[in-house]
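Inside the fold
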Amino acid sequence: MPALRDLRRRVKSVKSTQKICKAMKAVATAKMSRAQAAVTAARPYARQMQEVLGRVSSVAGNVKHPLLAVREPKKACYVVVTSDRGLCGGFNSQILRKALNEIGDRSDVSVVPVGRKARQFFRFRGWDADTDFVGLSENVKLEEARQIAQYVIKNYSEEQYDVVYLLYNKFVNVLVQEPTKIQLLPVEPPEAGEGEGKEGKKTAGMKTQYIFEPSAEDVLSDLLPRYVEMLVFYALLESKASEHSARMTAMDSASKNAGEMIDKLTLQINRLRQEGITKELLDIVGGAAALE
Amino acid sequence: MAEKLQKLSVVTPQKVIYADEVRFVKVRGTAGELGILPEHAPLITSLDIGVAHIQKDNQWKKVAVHGGFMEVGGNRTIILANTAELADDIDVARAQRAKERAEERLASKSADIDLVRAEAALKRALARLEAADAK
């Protein structure tokens with residue numbers, strides 16, 4: 001039976017842990033709503049971009065572009081997006097597990113970790129990442145996405161990579177984050193009008209001859225890198241939103257668990273204390289009886 | 001008969017900057033300036049850094065557009081800008097400073113500057129200033 005004093009000390013420590021969890025939850029909640037708003041705000045651009053690219057590539061179908069060129073996928077590259085910090089439930093481990101499944105035991109694979117957790121993970125397993133991107137700002141900037149995009153585009157055009165995948169946690173809702181894999185390069189042009197949403201449907205049947213300024217090739221070579229950037233940017237935003245919601249749920253259950261633990265410990269303390277009192281009383285009564 | 005209008009939206013990765021029915025829009029494409037009236041033929045173009053002029057109810061609005069694309073079709077014009085700012089949102093003092101900085105860098109002609117970047121910065125600053133002027 002642990003001593004009363006030890007129990008009291010434990011209750012104190014659990015209580016302060018609970019306080020931290022509650023505070024973290026509150027912060028994550030606030031950040032999540034902001035991150036979610038950013039995802040929503042970026043959605044129109046992403047959708048329009050998809051539509052434009054779909055239309056350009058359906059019209060300019062026979063235009064060759066290095067970023068569209070499908071090579072035999074010998075050297076694959078995985079860009080894995082995690083968070084910089086932990087304490088967010090299964091957020092990081094689920095995406096890293098997916099990455100590990102994807103990669104398997106192939107050795108001709110490069111990884112580009114985004115976020116400290118991914119960097120640690122791959123370093124620990126002895127994968128030497130060619131580069132990494134850590135310390136992304138809280139409000140993901142387009143500039144940061146651009147750096148990542150330009151890095152993979154450069155290596156792709158130099159044939160360092162034959163195919164580039166992006167792994168990230170897709171934000172489904174507050175409780176569910178889905179590890180998702182998309183192909184960044186070679187660009188898979190979306191079908192014209194595929195962009196979810198009403199605008200897409202309206203224009204889906206319309207296959208008109210577009211005028212290109214200056215030319216379809218020029219527009220395409222401008223558009224493709226932008227498209228990759230947009231995909232990365234959008235993934236980063238979703239990952240951020242997922243991270244915060246994962247942390248929020250994790251911290252919520254952590255503070256609930258702490259509460260339960262406190263209740264249990266308090267019960268134990270009370271029982272011990274009463275036991276002590278009973279014992280003392282018995283002693284006194286016993287002593288008095290002996291005197292008579 | 002009411003004036004013919006077209007739908008215009010200016011979208012950036014961060015947010016939708018502008019969405020309205022307008023009469024006329026003029027932008028700077030990479031192949032030169034072009035104006036779009038309602039019912040324009042379908043067109044896709046890439047945009048240069050410059051100012052987009054939007055006309056609605058005889059009022060002109062200016063938007064600094066820092067590169068991107070424009071798609072016209074079905075009486076709908078979409079400007080997909082890398083970044084864009086409405087004239088009212090532009091910080092003139094900051095743009096002015098950026099312009100001076102870029103000019104300085106270009107004038108210094110030292111080897112360690114990124115000429116392309118400096119030029120782009122100057123162009124952006126000029127576009128901002130031009131757009132902000134007609135507030």
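This structure is a prediction, so every number in the text was calculated from the model and none was measured. (Residues numbered from 1 in each chain as written. Chains lettered and ligands numbered in written order. Predicted model: local features only at pLDDT ≥ 70, side-chain atom pairs only at ≥ 80, totals over all residues. Heavy atoms only, no water.)

Focus on the overall build of chain B
Per the secondary structure count, chain B includes two helices and eight strands. When the helices and strands of chain B are placed in sequence order, the string is β-β-β-β-β-β-β-β-α-α. For chain B, the C-alpha atoms occupy an extent of roughly 60 × 30 × 25 Å along the three principal directions. Per-residue burial over chain B gives 50% buried out of 135 residues. Long-range contacts, defined here as pairs at least 24 residues apart, represent 49% of the contacts in chain B between residues at least 6 apart. Total accessible area on chain B is roughly 6,800 Å²; 48% of this is exposed by carbon and sulfur atoms. Treating the 21 positive side-chain charges of chain B as one cloud and the 20 negative ones as another, the clouds have centres 1 Å apart. (Helix = DSSP H or I, 4+ residues; strand = E, 2+ residues; numbered from the N terminus. Buried < 20%, exposed > 50% of the residue type's maximum accessible area, 1.4 Å probe, protein only. Contact = heavy atoms within 4.5 Å. Areas by Shrake-Rupley, 256 points an atom, 1.4 Å probe, with all protein chains shown as cover. Lys, Arg positive; Asp, Glu negative; His and termini not counted. Charge placed at Lys NZ, Arg CZ, Asp CG, Glu CD.)

Quick notes on the packing of aromatic side chains
Residues and elements named next belong to chain A. In the structure shown here, the tally under the stated rule is four aromatic pairs over all chains. Relative to Phe 122, the ring of Phe 121 lies with its centre 5.1 Å away and its plane at 90°, an arrangement referred to as edge-to-face. A cation over a ring is seen here: Arg 71 above Tyr 156, with NZ or CZ 4.4 Å from the ring centre. Above the face of the Tyr 165 ring, Lys 181 is positioned so that its terminal group lies 4.2 Å from the ring centre. (Phe/Tyr/Trp six-rings, centres within 6.5 Å; stacked < 30°, edge-to-face > 60°. Lys NZ or Arg CZ within 6 Å of the ring centre and 35° of its normal.)

What to know about a positive patch on the surface
Residues and elements named next belong to chain B. Together, Arg 94, Arg 97, Arg 101, Arg 105, Arg 117 and Arg 124 give the surface a local cluster of positive charge. Broken down by secondary-structure element, the contributors of at least two residues to the positive patch are helix H1 (92-108) and helix H2 (115-133). Element by element, the count of residues in the positive patch is highest for H1, at four residues. Here Arg 101 is to be found in helix H1. (Patch = residues over 30% accessible without salt bridge, like charges linked within 9 Å, V, L, I, M, F, W, Y side chains within 5 Å. Salt bridge = Lys/Arg side-chain N within 4 Å of Asp/Glu carboxyl O.)

Points about H1(B)
Residue and element names in this part refer to chain B. Over its 17 residues, H1 extends 24 Å from the first C-alpha to the last, a length consistent with the 24 Å expected when each residue adds 1.5 Å. Along H1, the positions that sit buried rather than exposed are Ala 95, Ala 98, Lys 99, Ala 102 and Leu 106. The buried residues of H1 occupy one face: seen down the axis, they fall within an arc of 100°. For H1, the exposed residues lying more than 90 degrees away from the buried face are Glu 104 and Ala 107. The elements touched by buried residues of H1 are H2. (Expected span 1.5 Å × (residues − 1). Arc of directions from axis to C-beta.)

Focus on the domain arrangement of chain A
By the assigned domains, chain A splits into domain 1 (4-22 + 250-284) and domain 2 (32-245). For domain 1 of chain A versus domain 2 of chain A, the distance between C-alpha centres works out to 49 Å. (Domains from an automatic or database assignment.)

Side note on the packing of helix H4 (residues 142-157) of chain A against helix H6 (residues 216-291) of chain A
All names here are of chain A. Two elements in contact, H4 and H6, have axes separated by 8 Å at closest approach and are oriented at 125°. By the angle between their axes, H4 is oblique relative to H6. For the pair H4 and H6, the crossing hand works out as right-handed. Only Pro 225, Arg 226, Val 228, Glu 229, Val 232, Phe 233 and Leu 236 of H6 make contact with H4, whose side of the interface consists of Leu 142, Ala 145, Arg 146, Ile 148, Ala 149, Gln 150 and Ile 153. (Axes fitted to C-alpha atoms, helices over the stretch in contact; angles between N-to-C directions. Parallel < 35°, antiparallel > 145°, perpendicular 65-115°, else oblique. Left-handed = near helix turned anticlockwise from the far one by under 90°.)

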